[in-house]
Amino acid sequence: MSLLRAFIAIEISPKIQQAIHQATSPLCAELGASVRWTAPENIHLTLKFLGDISPAQANALTAMLRSQADAVPAFEIHTGSLGAFPDAKRARILWIGIRAPAELDALFRGIDAACIRLGFESEKRGLSPHLTNARVRQDTSASDAQRIRRALEAAKVDSLGAVRVDSVHLFKSDLKRDGAVYTKLFSAPLKS
């Protein structure tokens, strides 16, 4: 029995993925090899990272997603702004912010509660909607960290557009030498 590295996420349209790529290209050129950028086609909104799951767990998760998605109506999220976790001074993750309605929080809470019932860990941090755009390399020097902080403080990313959210997805992640490859395993439409 083979395990799958999996997560639950919302897809971002190719148009918005490309808008993010274009808006952050100058930053990408400036920061160079100290940051590993997310391929535009891999940018998504993670709702729950599951880790390694069995095929039986994947079946239970698809049934759960069907139920949770059916309880939340479709909604729109708006993308824009640039930030870092934990902050610009100690940046580990660079992200694009999301403004979302209460439906996103309801979907997140429902999925998290249902995952707990299936034996998965609770999301301790709650929902902080963002699109991971890059990860700072762990071996980054203090001078590179300062350069990243200055670049983030100077960068301006305005509104990049809206995404209509009408489904939620279970993905598997295959880690490859040149980055992760995501494959959609299941999609559950939100309430129409």
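Residues numbered from 1 in each chain as written. Predicted model: local features only at pLDDT ≥ 70, side-chain atom pairs only at ≥ 80, totals over all residues. Heavy atoms only, no water.

A. How the structure looks around the pattern of salt bridges. For the structure on display, the rule yields nine salt bridges. Ionic pairing is found between Arg147 and Asp144, a salt bridge with its closest N-O pair at 3.0 Å. Separated by three residues within a single helix, Arg147 and Asp144 lie in helix α4 (residues 142–154), roughly one turn from each other. Here Glu153 ties to Arg149 by a salt bridge, and the two come within 2.9 Å at their closest N and O atoms. Here Glu153 and its partner Arg149 are both found in helix α4, four residues apart, which amounts to about one turn of the helix. Each of Lys48, Asp112 and Glu123 takes part in a single network of salt bridges with overlapping partners. (Salt bridge = Lys/Arg side-chain N within 4 Å of Asp/Glu carboxyl O. Helix = DSSP H or I, 4+ residues; strand = E, 2+ residues; numbered from the N terminus.)

B. Layout of α4. Over its 13 residues, α4 runs 19 Å from end to end, which matches the ideal 18 Å to within 8%, given 1.5 Å per residue. Tucked inside the fold, the buried residues of α4 contact α1 (14–31), β2 (35–37), β4 (75–85), β5 (93–99) and β6 (130–136). (Expected span 1.5 Å × (residues − 1). Contact = heavy atoms within 4.5 Å.)

C. A look at the sheet that holds β6. Strand order in this open sheet of five strands is β2-β6-β5-β4-β7, and the pairing throughout is antiparallel. Here the strands that pair on one side only, and so sit at the sheet edges, are β2 and β7 (161–165). Within the sheet, the average angular offset between the axes of one strand and its neighbour, ignoring direction, is 35 degrees. Pairing of β2 with β6 involves three bridges; the strand directions are antiparallel. Bridge assignment links Arg36 to a residue of β6, and that residue is Arg135. (Pairing = 2+ DSSP bridges. Axes fitted to C-alpha atoms, helices over the stretch in contact; angles between N-to-C directions.)

D. Local environment of the sheet that holds strand β1 (residues 4–11). With antiparallel pairing, the four strands of this open sheet are ordered in space as β3-β1-β8-β9. If you trace the sheet from one side to the other, it starts and ends with β3 (44–53) and β9 (179–189), each paired once. The average angle at which neighbouring strand axes cross in this sheet is 25 degrees, direction not considered. In this sheet, β9 lies alongside strand β8 (residues 167–176) in antiparallel orientation, the contact comprising ten bridges. Counterpart to His169 in the pairing with β9 is Ser187. Its contacts with the sheet put helix α3 (residues 102–117) on β1, β3 and β8, and the angle it makes with β3 is roughly 5 degrees.

Remember, this is a structural readout, not a statement about activity or role.
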